[in-house]
Amino acid sequence: MQIITTKTDLQQVVATCKKEGKTIGLVPTMGALHAGHASLVKRAVKDNDVCIVSVFVNPTQFNNKEDLAKYPRNIERDANLLSEIGAHYVFAPTPEEMYSAEEMNTTFQFDFAGLDKVMEGKMRPGHFNGVVQVVSRLFYLTQPDKAYFGEKDFQQLAIIHHMVERSSMAGTFGKLQIIDCPIVREESGLALSSRNERLSADEKQTALAISKTLFASLEWAKNASVQEVQQRVIDTINAVPSLEVEYYEIVDQTTLLPTDTFANAIGCITVYCGPVRLIDNIKYA
Ligand code: PAF
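In this report, we go over the structure that sits alongside the text.

Cut-off values and rules
- Residues numbered from 1 in each chain as written.
- Predicted model: local features only at pLDDT ≥ 70, side-chain atom pairs only at ≥ 80, totals over all residues.
- Heavy atoms only, no water.
- Helix = DSSP H or I, 4+ residues; strand = E, 2+ residues; numbered from the N terminus.
- Rg over C-alpha atoms; globule rule 2.2 N^0.38 Å.
- Buried < 20%, exposed > 50% of the residue type's maximum accessible area, 1.4 Å probe, protein only.
- Contact = heavy atoms within 4.5 Å.
- Areas by Shrake-Rupley, 256 points an atom, 1.4 Å probe, with all protein chains shown as cover.
- Lys, Arg positive; Asp, Glu negative; His and termini not counted.
- Charge placed at Lys NZ, Arg CZ, Asp CG, Glu CD.
- Pairing = 2+ DSSP bridges.
- Phe/Tyr/Trp six-rings, centres within 6.5 Å; stacked < 30°, edge-to-face > 60°.
- Lys NZ or Arg CZ within 6 Å of the ring centre and 35° of its normal.
- Near = heavy atom within 4 Å.
- Polar contact = N/O pair within 3.5 Å; in protein donor to acceptor, adjacent residues only side chain to side chain.
- Core = buried A, V, L, I, M, F, W, Y, C linked by side-chain atoms within 4.5 Å.
- Axes fitted to C-alpha atoms, helices over the stretch in contact; angles between N-to-C directions.

**Let's talk about the overall build of the chain**
- Each helix and strand in the chain was counted, giving 12 helices and 9 strands.
- For a compact globule of 285 residues, the expected C-alpha radius of gyration is about 19 Å, and the chain comes in at 19 Å, within 12% of that figure.
- Reported as C-alpha extents along the three principal axes, the dimensions of the chain are approximately 60 × 40 × 40 Å.
- Scored against the burial criterion, the 285 residues of the chain give a buried share of 53%.
- In the chain, the share of contacts with a sequence separation of at least 24, taken over all contacts with a separation of at least 6, comes to 72%.
- In the structure as shown, the chain presents an accessible area of about 13400 Å², 50% of it carried by carbon and sulfur atoms.
- Averaging the locations of the 28 positively and 35 negatively charged side chains of the chain gives two centres separated by 3 Å.

This is how it looks when you write it as structure tokens:
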């Protein structure tokens, strides 16, 4: 496995792969890799001739400087894991290599057809502009046949599908397929996240109430309205000391707009466990 740190080197590798007729699978990450990322990488290795994993904590998608500073980073550990599971290249640029000073400070503008106005988008203004800024650049640099994303960030995935299918990028990235990968959970039910590294042992135990409540809500949904289930999830989690729900919204999986039926519905949640912001979701259909 080779670690690449410059755009020029990456583009050379990609050009050689293309010349040799090799297919490329891209797994964009921000590092602090866990079994959830590993499942994406294993799939990319299996499906493609070459698997490129990017490890880049993208500053433009953080609207909270403290969150950016505290985001866990461990490139050595990440590289060891990626090498073990068969990735071919790791692209790990610095922010200065990735962006010009102007790009770093300009908000990238993109029409998300309203998908960015709800939930994470409402709570983290500009977040999805930054995500699309970096993901579109990674697509441009790596020219992948397939790119792999986890369903834990369901709204991100919806926005990336939108960007690829409906924007002018459909021409640029014509053959690119976005592959949705299911949430990976600990045996306890806790959704794997790089942010779990910041939880103490006690907080990790407390955080279990999130997935437990979401799973219980599948039962509640059999005999209650969307509104009732939504409120019961919020109340149940808020009743646990040290947990505070930022939002729980049951929305349509396609439009991400509130829905009053469970058909095609997904519940998306963000909860503060002490200082750590955790997200999770559950599909009702
Ligand atoms: O999901 C993530 O880790 C990031 O948002 C992504 C897609 C790697 C872009 O920085």
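**A word on the pairing of strand β8 (residues 265-273)**
- Counted residue by residue, β8 has 8 buried out of 9 residues, so it is predominantly covered.
- Where strand β7 (residues 243-252) meets β8, 9 bridges bridge the pair, whose relative direction is antiparallel. Note that in β8 the partner of Val 251 across the bridge is Ile 266.
- Of the strand pairs in this sheet, β8 and strand β9 (residues 276-283) are connected by 8 bridges, and their pairing is antiparallel. What sits directly across from Ile 266, in β9, is Lys 283.
- Where β8 folds back on β9, the antiparallel hairpin that results is connected by 2 residues, among which Gly 274 adopts a positive phi of roughly 60°.

**Let's talk about the packing of aromatic side chains**
- Throughout the structure, instances matching the rule amount to 5 aromatic pairs.
- Here the aromatic rings of Phe 62 and Tyr 71 are separated by 5.7 Å at their centres, their planes lie at 75°, and the arrangement is edge-to-face. Considered together, Phe 62 and Tyr 71 belong to a single accessibility category, that of buried residues.
- A cation sits over an aromatic face here: Arg 232 above Trp 220, 4.0 Å from the ring centre.

**Points about the site of the ligand**
- Residues in contact with the ligand, as listed here, are Pro 28, Thr 29, Met 30, Asn 58, Gln 61, Val 134, Phe 149, Asp 153 and Gln 156.
- At a separation of 2.6 Å, an oxygen atom of the ligand approaches a polar side-chain atom of Gln 61.
- Within the side chain of Gln 156, a nitrogen or oxygen atom sits 2.7 Å from an oxygen atom of the ligand.
- When the free accessible area of the ligand is taken as 290 Å², the share hidden by the protein chains comes to 89%.

**Some details on the nonpolar core**
- Within the largest apolar cluster, 44 residues are counted, with the highest numbers of intra-cluster contacts made by Phe 139 and Ile 178.
- Broken down by element, the residue count for this core peaks at 8 residues, all from helix α8 (residues 127-142).
- Once residues lying within four places of it in the same chain are set aside, the contact partners of Phe 139 are Leu 26, Pro 144, Ala 147, Phe 149, Ile 160, Met 163, Val 164, Phe 173, Leu 176 and Ile 178.
- Ranked by size, the runner-up nonpolar core spans 27 residues in total, among them Val 226, Val 245, Val 276 and Tyr 284.

**A look at the sheet that holds strand β4 (residues 89-91)**
- The strand order β1-β4-β3-β2-β5-β6 describes an open sheet built from 6 strands, whose pairing is parallel. Pairing within the sheet leaves two strands with one partner each, and these edge strands are β1 (2-4) and β6 (177-181). Adjacent strand axes in the sheet meet at a mean angle of 25°, parallel and antiparallel pairs treated alike.
- Bridging between strand β3 (residues 50-55) and β4 involves 3 bridges; their strand directions are parallel.

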